[in-house]
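# Architecture and fold: a report
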Amino acid sequence: MATISCFGATLPAKFSVLDKTKYRSFVGHRFLTAWEDNKRVESIEVITELARLLSAPTTPSFFPVQWILVTDIVDLFGEYVYDRLLLKANEERKAAGDGALPSNFESSDVPPNTVDVAKNWFNKVEDIKEAVPRFYVETTLIGCQRFLDSTCLRASLLRLATMIEKFPHPLSAAYARAYICKIAMILDPADRGPHWKALNDLMQSSKQPVGHHLRSPLFQIDTEFVTPALEWIVQCVSYGAATVEDLGPLWEYCKRPENQASLIHAFMIGVPHKYLLNHCVEVSELVSHFAATLEFCPVFKNFNSVLLSISLQIVSQSLPPADLETFGTRLLQGELAEDLHPKVFR
């Protein structure tokens, strides 16, 4: 079997799912060993090697699981580096007779030697030439930018979100966008920029070929493989939203036939429960419009007839759409405002 080289090691060019899981565990152990031995250069090389597994999904059905397994270790690397810098900064400040860094510290509070160490970490990142590993390593470390320049975090997050446009595989790009949303939520929950950037780029990453009605817009990847990433992006975009206008672009995306198969379910799962309850009439109309198209859609040819009204009544010879079930389940989990009862339960 052909092999490819990774920092002096070799691994099979084609992995089975079991091989990938074992390899991830092997590389994770190598990282922990290198870190405990204070081999910082080897640590970043191992993390780069691990992140490379997210470059080209050869088994799309396994990729969501693989992404979780890999990013767990990538996240750990970012936490280790941040904690190490924080410890070093506090040691320097203590030696200088100063107190520990406050929780809301600025880069101007960081001692010069710690600043130099932080710069060295980012210099090592610049040596990574491949787009996907570079993205993950830099993104997990981007919180450490606080030790260098605490004013440019938002610009850096948008830059990283833009970097994903260079990814060659749409499934890899979808989950990278979920990752930048995850990190942005941790570092700056009030900043909606990276989340909207991720959603807009995901929705516009490909155009629908004629004759492929209601398939996923992601180069015809099966919707089920993209859904977890899309749900997370929608959840981040809708964080703190209250009005329809707050999520205006998301509503518009949901209304487009080419997006509905992949986006409606993510919308139902991702938006806050309170938001869904407050706008249940608008959501009912959205789901009803989608379900009404199923009879004419070859992708859903198993549905004989679907007749929906805003009151969510269904007359069908088969099971109702999963999106409608999801919507109904979430409605039952909360209490609707009294003035909405006549419109929804008529």
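Residues numbered from 1 in each chain as written. Predicted model: local features only at pLDDT ≥ 70, side-chain atom pairs only at ≥ 80, totals over all residues. Heavy atoms only, no water.

Let us now look at the side chain of Thr139. With respect to the helices and strands, Thr139 occurs in helix H5 (residues 131-141). Discounting residues that sit within four places of it in the chain, Thr139 has contacts with Leu160, Tyr179, Ile180 and Ile183. (Helix = DSSP H or I, 4+ residues; strand = E, 2+ residues; numbered from the N terminus. Contact = heavy atoms within 4.5 Å.)

Right, let's get into a negative patch on the surface. A grouping of Glu36, Asp37, Glu42 and Glu45 is seen on the molecular surface, where their side chains present a negatively charged patch. Along the chain, Asp37 turns up in the loop between helix H1 (17-36) and helix H2 (40-51). (Patch = residues over 30% accessible without salt bridge, like charges linked within 9 Å, V, L, I, M, F, W, Y side chains within 5 Å. Areas by Shrake-Rupley, 256 points an atom, 1.4 Å probe, with all protein chains shown as cover. Salt bridge = Lys/Arg side-chain N within 4 Å of Asp/Glu carboxyl O. Lys, Arg positive; Asp, Glu negative; His and termini not counted. Charge placed at Lys NZ, Arg CZ, Asp CG, Glu CD.)

Turning next to the nonpolar core. With 85 residues, the main nonpolar core has Phe77, Phe135, Tyr136, Leu199, Leu247, Leu250 and Phe267 as its most contacted residues. A per-element tally of this core places helix H7 (residues 170-187) first, with twelve residues. When sequence neighbours within four positions are dropped, the list of residues in contact with Phe267 reads Val234, Leu250, Trp251, Cys254, Leu276 and Val283. (Core = buried A, V, L, I, M, F, W, Y, C linked by side-chain atoms within 4.5 Å. Buried < 20%, exposed > 50% of the residue type's maximum accessible area, 1.4 Å probe, protein only.)

So, about helix H8 (residues 193-203). A large share of H8 lies buried, amounting to eight of its eleven residues. By the burial criterion, the buried members of H8 are Pro194, His195, Trp196, Ala198, Leu199, Asp201, Leu202 and Met203.

Moving on: the pattern of salt bridges. Taken as a whole and assessed by the stated rule, the structure comprises ten salt bridges. Glu130 is the salt-bridge partner of Arg52, the closest N and O atoms lying 2.7 Å from each other. Placement of Arg52 in the loop between H2 and helix H3 (63-95) and of Glu130 in the loop between helix H4 (112-126) and H5 is noted, with a sequence separation of 78 residues between them. On the basis of relative accessible area, Glu130 is assigned to the partly exposed category, the value being 36%.

Mapped onto the secondary structure, Arg30 falls in helix H1. Among the polar contacts made by the side chain of Arg30, one reaches the side chain of Glu49 at a distance of 3.2 Å. Apart from the residues within four sequence positions on either side, Arg30 is in contact with Val46 and Glu49. (Polar contact = N/O pair within 3.5 Å; in protein donor to acceptor, adjacent residues only side chain to side chain.)

Counted under the stated rule, the structure contains 17 aromatic pairs. When the centroid spacing of 5.8 Å and the interplanar angle of 80 degrees are considered together, the rings of Phe31 and Phe77 count as edge-to-face. On the criterion of sequence distance, the pair formed by Phe31 in helix H1 and Phe77 in helix H3 is long-range, its members being 46 residues apart. Taken individually, Phe31 and Phe77 each receive the classification buried, so the pair is uniform in this respect. Ring centres 5.0 Å apart and planes at 65 degrees place the aromatic pair Trp251 and Phe267 in the edge-to-face group. In this pair, Trp251 sits in helix H10 (residues 248-255) while Phe267 sits in helix H11 (residues 257-270), placing the two residues 16 residues apart along the sequence. Judged by relative accessible area, which is 0%, Phe267 ranks as buried. By way of ring pairs, the aromatic residues Phe63, Trp67, Phe135, Tyr136, Phe167, Tyr175 and Tyr179 are connected into one cluster. Positioned over the ring face of Trp35 is Arg40, at 4.0 Å from the centre of the ring. (Phe/Tyr/Trp six-rings, centres within 6.5 Å; stacked < 30°, edge-to-face > 60°. Lys NZ or Arg CZ within 6 Å of the ring centre and 35° of its normal.)

We note that Asn38 has phi near 60 degrees; this positive angle belongs to a residue other than glycine. By secondary structure assignment, the location of Asn38 is in the loop between H1 and H2.

Moving on, we come to the confidence of the model for the chain. Mean pLDDT for the chain: 78, with 70% of residues reaching 70 or above. Across the chain, element-level confidence peaks in H5 with a mean pLDDT of 97 and bottoms out in strand E1 (residues 3-6) with 29. The low-confidence segment residues 207-219, where pLDDT is below 50, has 37 contacts with residues more than four positions distant or belonging to other chains. Taken as a whole, residues 294-320 scores under 50 in pLDDT and shows 49 contacts with residues more than four places along the chain or in a different chain. (pLDDT = per-residue confidence, 0-100.)

Take the environment of Cys254 next. With respect to the helices, strands and loops of the structure, Cys254 is situated in helix H10. Cys254 gets classed as buried once you look at its relative accessible area, which sits at 0%.

Remark: H7 packs on H8, axes separated minimally by 9 Å, with the N-to-C direction vectors making an angle of 170 degrees. Looking at the two axes, H7 sits roughly antiparallel to H8. In this structure, H7 contributes Ala174, Arg177, Cys181, Ala184 and Met185 to the contact, and H8 contributes Pro194, His195, Ala198, Asp201 and Leu202. Of the residues belonging to the contact of H7 with H8, the class tally is seven nonpolar, one polar and two charged. (Axes fitted to C-alpha atoms, helices over the stretch in contact; angles between N-to-C directions. Parallel < 35°, antiparallel > 145°, perpendicular 65-115°, else oblique. Nonpolar A, V, L, I, M, F, W, Y, C, P; charged D, E, K, R; others polar.)

Here we take up the packing of H2 against H3. Where H2 contacts H3, the axes come no closer than 9 Å and their chain directions differ by 155 degrees. Judged on the interaxial angle alone, H3 and H2 are roughly antiparallel. As H2 packs across H3, the resulting crossing turns out to be left-handed. Judged by residue contacts, Arg40, Ile44, Ile47, Leu50 and Ala51 of H2 engage Val70, Ile73, Val74, Phe77 and Arg84 from H3. For the contact of H2 with H3, the residue count by class is eight nonpolar, no polar and two charged. (Left-handed = near helix turned anticlockwise from the far one by under 90°.)

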